[in-house]
Amino acid sequence: MDDLQEKEASDIKNIGQFCYVSSWTDDETESIPMWNMYSTLDSGVRIKLKSNPFKLFENTPDSIQNVSNFPVTDNSNGNYLKSIIPIADMLEKGYVCPAAMNNDILHKVEYTSDYDKLYPKLVTHEGDKFSIALGSLGIHKNIHWEFQHEWRYILHFYPLDFNQDPGRVTTSVQIMANKLLHGLETQPFPFYDLQLDDTAFDQMEITLSPKISAGNRLIVKSLIEKYNPSALISESSLLGLI
């Protein structure tokens, strides 16, 4: 991310790598600093989508059984658990993402100068047990970034193989947790692409950059015609002003 502070915690090293975010803004007004920071004035686009635009997958017994090493029992009565990441994908690739079980992953960023929020303490010890509050990561940024008016989708991914003998899963969780605690675990992958819902994709709105070149304008329109002809394209409100 752009803010080097936000991956840090006060008590665990390397923990920010397990927090995956997609950043957006709720500011309808175009920002010249944002155009310059994340694109260029002559080649970028600004994309608008509805909130929580991700596809929900039905986790059917058959989809899970296709990748599972063990028998799957169906007690759903046809009311299958839905998630924005298929459980079968987690089983097949050896990771877990708890928040994917719902579509409530959008958070408003809080801007602050409070050290304890910028560098949160995540670990709580209770006797010989401990817990890690990873939900405290990714929701605070330094007040210097307040101009972004940022909202972000946040997911935490952990390398964990549930596709094994159930009797060994608890031990695997304990090993992973201890590696997290001591900063020794590594992220399962550098990024993850969520699939958009078809309706949300069709309703996409695209604003061209303020000084977009003729060539880049043609590229954008060609891509839209090929991949999303229902998307709405509009000129920048800064066109001719900068």
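Before reading further, recall that the structure is shown in the block above.
Read on for an overview of the structure. Source: prediction; values computed, not measured.

The rules behind these values
Residues numbered from 1 in each chain as written. Predicted model: local features only at pLDDT ≥ 70, side-chain atom pairs only at ≥ 80, totals over all residues. Heavy atoms only, no water. Helix = DSSP H or I, 4+ residues; strand = E, 2+ residues; numbered from the N terminus. Buried < 20%, exposed > 50% of the residue type's maximum accessible area, 1.4 Å probe, protein only. Contact = heavy atoms within 4.5 Å. Areas by Shrake-Rupley, 256 points an atom, 1.4 Å probe, with all protein chains shown as cover. Lys, Arg positive; Asp, Glu negative; His and termini not counted. Charge placed at Lys NZ, Arg CZ, Asp CG, Glu CD. Phe/Tyr/Trp six-rings, centres within 6.5 Å; stacked < 30°, edge-to-face > 60°. Lys NZ or Arg CZ within 6 Å of the ring centre and 35° of its normal. Pairing = 2+ DSSP bridges. Axes fitted to C-alpha atoms, helices over the stretch in contact; angles between N-to-C directions. Salt bridge = Lys/Arg side-chain N within 4 Å of Asp/Glu carboxyl O. Expected span 1.5 Å × (residues − 1). Polar contact = N/O pair within 3.5 Å; in protein donor to acceptor, adjacent residues only side chain to side chain. Patch = residues over 30% accessible without salt bridge, like charges linked within 9 Å, V, L, I, M, F, W, Y side chains within 5 Å.

Examining the overall build of the protein chain
Part 1 of the argument: When helices and strands are tallied, the protein chain shows seven helices and 14 strands.
Part 2 of the argument: C-alpha atoms of the protein chain, sized along the principal axes, occupy 65 × 45 × 25 Å.
Part 3 of the argument: Looking at the protein chain as a whole, 36% of its 242 residues are labelled buried.
Part 4 of the argument: The contacts of the protein chain with a sequence gap of at least 6 include a subset with a gap of at least 24, amounting to 76%.
Part 5 of the argument: Total accessible area computed for the protein chain in this model is approximately 14300 Å², and 53% of it derives from carbon and sulfur atoms.
Part 6 of the argument: A gap of 3 Å separates the mean positions of the 20 positive and 33 negative side-chain charges of the protein chain.

Some details on the packing of aromatic side chains
Part 1 of the argument: Applying the stated rule across the entire model yields 12 aromatic pairs.
Part 2 of the argument: Taken together, a centroid distance of 4.7 Å and an interplanar angle of 65° make the contact between Tyr-20 and Phe-157 edge-to-face. Placement of the pair is Tyr-20 in strand 1 (residues 19–25) and Phe-157 in the loop between strand 11 (150–156) and strand 12 (158–159), with a sequence separation of 137 residues. We note that Tyr-20, like Phe-157, is buried.
Part 3 of the argument: A centroid spacing of 4.8 Å and a plane angle of 35° characterise the contact between Tyr-115 and Tyr-119, whose relative ring orientation is tilted.
Part 4 of the argument: Within the aromatic cluster, the residues linked to one another by ring pairs are Tyr-20, Tyr-95, Phe-157, Phe-189 and Tyr-192.
Part 5 of the argument: A cation over an aromatic ring shows up here: Lys-141 above the ring of Trp-145, its NZ or CZ 4.9 Å from the ring centre.

Digging into the sheet that holds strand 6 (residues 106–108)
The strands making up a sheet are joined through hydrogen bonds of the backbone, oriented either antiparallel or parallel.
Part 1 of the argument: Spatially, 1-11-6 is the arrangement adopted by the three strands of the open sheet, whose pairing is antiparallel. On the outer flanks of this sheet lie strand 1 and strand 6, each paired with one strand and no other. When strand polarity is set aside, the average angle formed by the axes of neighbouring strands in this sheet is 35°.
Part 2 of the argument: Here strand 6 pairs with strand 11 via three bridges, running antiparallel. Bridged to Leu-106 within strand 11 is Tyr-153.

Here's the deal with the pattern of salt bridges
Part 1 of the argument: Inspection of the entire model under this criterion finds nine salt bridges.
Part 2 of the argument: Between Glu-28 and Lys-48 there is a salt bridge, with the nearest N and O atoms lying 3.3 Å from each other. Placement of Glu-28 in the loop between strand 1 and helix 1 (32–38) and of Lys-48 in strand 2 (residues 45–48) is noted, with a sequence separation of 20 residues between them.
Part 3 of the argument: Ionic pairing is found between Glu-185 and Lys-179, a salt bridge with its closest N-O pair at 3.7 Å.

Considerations on helix 5 (residues 166–181)
Part 1 of the argument: An ideal rise of 1.5 Å per residue puts 22 Å on 16 residues; helix 5 measures up with 24 Å between its terminal C-alpha atoms.
Part 2 of the argument: Among the residues making up helix 5, those that are buried are Val-169, Ser-172, Met-176, Ala-177, Leu-180 and Leu-181.
Part 3 of the argument: Contacts from the buried residues of helix 5 go to strand 8 (123–126), strand 9 (129–132) and strand 12.
Part 4 of the argument: Structurally, the start of helix 5 carries an N-cap: the backbone nitrogen of Gly-167 is 2.9 Å from a side-chain oxygen of Asp-165.
Part 5 of the argument: Positive backbone phi, at 70°, marks Gly-183, one or two positions downstream of helix 5.

Concerning a nonpolar patch on the surface
Part 1 of the argument: Taken together, the side chains of Ile-32, Leu-241 and Ile-242 present a nonpolar region at the surface, about 270 Å² in accessible area.
Part 2 of the argument: Within the fold, Leu-241 resides in the segment after strand 14 (232–234).

Brief notes about the sheet that holds strand 13 (residues 205–208)
Part 1 of the argument: Strands sit in the order 2-13-14 across an open sheet of three strands; the sheet is mixed. The strands lining the two open edges of the sheet, one partner per strand, are strand 2 and strand 14. On average, each strand axis in the sheet is tilted by 20° relative to the strand beside it, whichever way the strands run.
Part 2 of the argument: The pairing of strand 2 with strand 13 spans four bridges and is antiparallel. Across the sheet, residue Lys-48 finds its bridge partner in strand 13, namely Glu-205.
Part 3 of the argument: Sheet strands in contact with helix 7 (residues 214–227) are strand 2, strand 13 and strand 14, and its direction is about 170° off that of strand 13.

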